[in-house]
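# Chains, contacts and geometry: an overview
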Amino acid sequence: MPHKVSHSPTEARGVVVNFIRRPLKGAKTFSIRPIRLRNSGAGAEVARAVADRLDLYFAEVDAQHSPVAEAEASAALDEAMRHVRPT
């Protein structure tokens, strides 16, 4: 689900920037999708291939997403953050 960068908490933007390793400057929205990776032991090669496939996937999603209510997007982001934060 796309999330507006300008309406995201600073902490959430920081998590996204650290994860994608690039600034969100100029970006109006970002998407979060959980995936489960198997431990294949191939290391950096597998991680790069997965990241490349995710980049393609998110480009497709971003190209066809429809606007959602700000409250709905914020709630989805909050839920996603609860699942990735250590308890």
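For the structure given in this document, a descriptive report is provided here. This one's a predicted model, so the numbers in the text were calculated from it and none came from an experiment.

Before going further, it helps to spend a moment on the overall build of the protein. Looking only at helices and strands, one finds three helices and two strands in the protein. Walking the protein from its N terminus toward its C terminus, one meets helices and strands in the order β-α-β-α-α. Each of the 87 residues in the protein was classed as buried or not, and the buried ones make up 17%. A separation threshold of at least 6 residues defines the contact pool for the protein, and within that pool the share at least 24 residues apart is 72%. Total accessible area on the protein is roughly 7,100 Å²; 54% of this is exposed by carbon and sulfur atoms.

Looking now at the nonpolar core. Core analysis: the largest hydrophobic core is formed by six residues, namely Ala12, Val16, Leu24, Phe30, Leu77 and Met81. Breaking this core down by element, the ones donating at least two residues are helix H1 (10-20) and helix H3 (70-84).

Under the defined criterion, the tally for this structure stands at one salt bridge. Here Arg48 makes a salt bridge to Asp52, at a shortest N to O gap of 3.0 Å. Remark: Asp52 and Arg48 occur in helix H2 (residues 44-64); sequence separation between them is four residues, near one turn of the helix. Taking relative accessible area as the criterion, Arg48 reaches 45% and is therefore assigned partly exposed.

If you trace the backbone, Leu24 turns up in the loop between H1 and strand S2 (29-31). Overall, Leu24 belongs to the buried group, its relative accessible area being 13%.

Conventions used here
- Residues numbered from 1 in each chain as written.
- Predicted model: local features only at pLDDT ≥ 70, side-chain atom pairs only at ≥ 80, totals over all residues.
- Heavy atoms only, no water.
- Helix = DSSP H or I, 4+ residues; strand = E, 2+ residues; numbered from the N terminus.
- Buried < 20%, exposed > 50% of the residue type's maximum accessible area, 1.4 Å probe, protein only.
- Contact = heavy atoms within 4.5 Å.
- Areas by Shrake-Rupley, 256 points an atom, 1.4 Å probe, with all protein chains shown as cover.
- Core = buried A, V, L, I, M, F, W, Y, C linked by side-chain atoms within 4.5 Å.
- Salt bridge = Lys/Arg side-chain N within 4 Å of Asp/Glu carboxyl O.

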